[in-house]
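Chain and residue survey
Spelled out from the first residue to the last, the chains are:
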Amino acid sequence: MDRSNTEISATTMNIDNIDFFVSLPTPGPDLLSRIDLDELMKKDEPPLNFPKTLEEFEYAFNEQGRLRHTTTGEAYAFNAREDLHRWNQKRYEALGEIITRYVYQLLETKCNLTKEIVPVDATAEEPRSFIYLSADAMSNPAKLLVLIQGCGVVRAGQWARRLIINQDLDSGTQIPFITRAQEEGYGVMVLNPNENHLELERPAKPAPLPSPEASDEPAEKRERKDDRESKKKRDFYEKYRNPQKESETEQIPIRENGSPEEHVLYVWDHFVSKAAARNVFFVAHSYGGLSLVELMIQREAQVKNRVCAVAMTDSIHNVWHQDANKSIQEWLQQHCRNWVSSPEPLDTPVEPMLSDCPRVSAGTERHELTSWRSFNSIFQFFSEALQTGEEEETSNTVTTRSSHRTKPDHNHNDL
């Protein structure tokens, strides 16, 4: 036996580089069961209270759209407190919420978009979400661009929060796509597929009173209870190591918008399908591509009739798993292109995994950068698709007129 386990009665321990003094137990129960980790972590971790504005955070976006500290000029530092990963993560999330509101402000002030509530008939009491529309989104007779981001924490106007914070606004937001589209005469709709529910904090449950008969419990029962308590402490330790919400919350889904797929379908039915544009274009990133394919499955004829082209960026859709029929797969082959993460140069053809839309390189191996890196190629793709569509429409019109041309009456001389 290792005598160090039995002869040393006390020492200084280190968990995640947090030093504390603890009495070592004799061989038996797990060491963690002897430590009140709950109280320990509360004592050593700073309060989870963070600034509410960029100014209070002492950060601002410079002229290049990069987030910089207002005093040092340095980029955002995730590890503001060494060895406190959970605290750093919570701080990052708090900044992310501020970034979301900042992007909303840019959509309204820089891009002149307006907020539209969904569901459109939402009452004042029920949970609601919103999308953003340009002034001509519903009335533009020619072109409409619809933007759909991936899943996760990103909200309307964002491709990737990580890029906004660590790189710049151009790469992480949809603003370059919106301004380019407006310059080229598109109406614009910015979807918000991840705003699916209202989150309410549940009140804390009161601690149960100790049983007066606890001391009379059989030894076996007490041992099982000790095991459960030990597990609770280990679970708390893992909670400290792996960031997660402290309080329990209740999620109330937004009617008919309770998932990204529901949201895309709802916006199609209540906005896109009612817009005046003859040609609709989509940019769909990551999970947005899956939601778009689901829309096609639900509204195949409508989508084929209205949509001119679809640009996906590292889409995670799967026509087999989503049970997309052959006609949808054939339409995607003709009208869709997927810019995927790849080490190959931009626009280099990439071997398709399934028989749906062609895949080309986005010129980057970073998933979150695929939309920004393929920016110019996407608008070129749309221009070519529009030109092809107009040529086909003209050809069909000429053919139709020719087939209905009145034939000369060769018997008129007999009158």
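Above this note sits the structure.
So, a few notes on the structure that sits alongside this text. (Residues numbered from 1 in each chain as written. Predicted model: local features only at pLDDT ≥ 70, side-chain atom pairs only at ≥ 80, totals over all residues. Heavy atoms only, no water.)

Observations regarding the overall build of the protein
For the protein, the count of helices and strands is 14 helices and 15 strands. Per-residue burial for the protein yields a buried fraction of 42% across its 415 residues. In the protein, the proportion of contacts linking residues at least 24 apart, taken out of those at least 6 apart, comes to 70%. Here the protein displays about 23500 Å² of accessible surface, and carbon together with sulfur accounts for 48% of that area. (Helix = DSSP H or I, 4+ residues; strand = E, 2+ residues; numbered from the N terminus. Buried < 20%, exposed > 50% of the residue type's maximum accessible area, 1.4 Å probe, protein only. Contact = heavy atoms within 4.5 Å. Areas by Shrake-Rupley, 256 points an atom, 1.4 Å probe, with all protein chains shown as cover.)

Points about the sheet that holds strand β8 (residues 186-190)
In spatial order, the strands read β5-β6-β8-β7-β11-β12-β13-β15-β14; together these nine strands make up an open sheet with mixed pairing. Either end of the sheet is taken by a strand with one partner, and the two such strands are β5 (114-118) and β14 (349-350). Relative to strand β13 (residues 336-340), strand β12 (residues 307-313) runs parallel, the two being bridged by four bridges. Bridge pairing in β13 links A311 to R337. (Pairing = 2+ DSSP bridges.)

What about the packing of helix α10 (residues 287-298) against helix α12 (residues 326-335)?
One can describe the packing of α10 onto α12 by two numbers: an axis separation of 10 Å at closest approach and a directional angle of 130°. Taken as axis vectors, α10 and α12 run oblique relative to one another. Note that α10 runs across α12; the crossing there is right-handed. Counted together, V293, M296 and I297 of α10 and I328, W331 and L332 of α12 form the full contact between these two elements. Here the residues of the contact of α10 with α12 sort into six nonpolar, no polar and no charged. (Axes fitted to C-alpha atoms, helices over the stretch in contact; angles between N-to-C directions. Parallel < 35°, antiparallel > 145°, perpendicular 65-115°, else oblique. Left-handed = near helix turned anticlockwise from the far one by under 90°. Nonpolar A, V, L, I, M, F, W, Y, C, P; charged D, E, K, R; others polar.)

Some words on a negative patch on the surface
Where like charges cluster on the molecular surface, the negative patch consists of E390, E391, E392 and E393. Tracing the sequence through the fold places E391 in helix α14 (residues 375-403). Looking at E391, the relative accessible area reads 48%, which means it is partly exposed. (Patch = residues over 30% accessible without salt bridge, like charges linked within 9 Å, V, L, I, M, F, W, Y side chains within 5 Å. Salt bridge = Lys/Arg side-chain N within 4 Å of Asp/Glu carboxyl O. Lys, Arg positive; Asp, Glu negative; His and termini not counted. Charge placed at Lys NZ, Arg CZ, Asp CG, Glu CD.)

Quick notes on the environment of Q334
Its location among the elements puts Q334 in helix α12. Put simply, Q334 and D356 are 22 residues apart on the chain and 8.9 Å apart in space, counted from C-alpha to C-alpha.

Things to note about the packing of aromatic side chains
The geometry of an aromatic ring pair comes down to the distance between the two centres and the angle between the two planes. Inspection of every chain in the model, using the stated rule, returns 20 aromatic pairs. With a centroid separation of 5.5 Å and an interplanar angle of 75°, the aromatic rings of W159 and F177 are classed as edge-to-face. Of this pair, W159 sits in the loop between β7 (143-148) and α5 (161-166) while F177 sits in helix α7 (residues 175-183), and the two are 18 residues apart along the sequence. Like F177, W159 is buried. Residues F379 and F382 carry aromatic rings whose centres are separated by 6.2 Å and whose planes lie at 75° to one another, so their mutual orientation is edge-to-face. Of this pair, F379 and F382 both sit in helix α14, three residues apart, which is roughly one turn of that helix. Aromatic rings pair up to connect W159, F177, Y186, F281, W339, W372, F375, F379, F381 and F382 into one cluster. In this arrangement the basic side chain of K115 is found over the ring face of F130, its NZ or CZ atom lying 4.3 Å from the centre. In this arrangement the basic side chain of K143 is found over the ring face of Y186, its NZ or CZ atom lying 4.1 Å from the centre. (Phe/Tyr/Trp six-rings, centres within 6.5 Å; stacked < 30°, edge-to-face > 60°. Lys NZ or Arg CZ within 6 Å of the ring centre and 35° of its normal.)

Concerning the packing of helix α9 (residues 260-270) against α10
The description of two helices packed together rests on the angle between their axes and the distance between the axes. It is at 9 Å that the axes of α9 and α10 come closest, and there the two elements cross at 55°. One finds that α9 runs oblique with respect to α10. In the packing of α9 onto α10, the handedness of the crossing is right-handed. From α9, P260, E261, V264, L265 and W268 reach across to α10, where they touch Y287, L290, S291, E294, L295 and Q298. When the residues that make up the contact of α9 with α10 are grouped by side-chain class, the tally is seven nonpolar, two polar and two charged.

Comments concerning the pattern of salt bridges
As enumerated under the stated definition, the model contains twelve salt bridges in all. Here K90 makes a salt bridge to E93, at a shortest N to O gap of 4.0 Å. Placement of the pair is K90 and E93 together in helix α4 (residues 85-109), with a separation of three residues, close to one helical turn. One connected set of salt bridges, linked through shared partners, spans D121, E126, R255 and E256.

Here's the deal with the state of the cysteines
Evaluation of the coordinates by the stated rule reveals zero disulfides. There is no disulfide at C357, and the cysteine sulfur nearest it, in C336, is 3.3 Å away. Judged by its relative accessible area of 1%, C357 falls in the buried class. (Disulfide = S-S within 2.5 Å.)

Remember, this is a structural readout, not a statement about activity or role.
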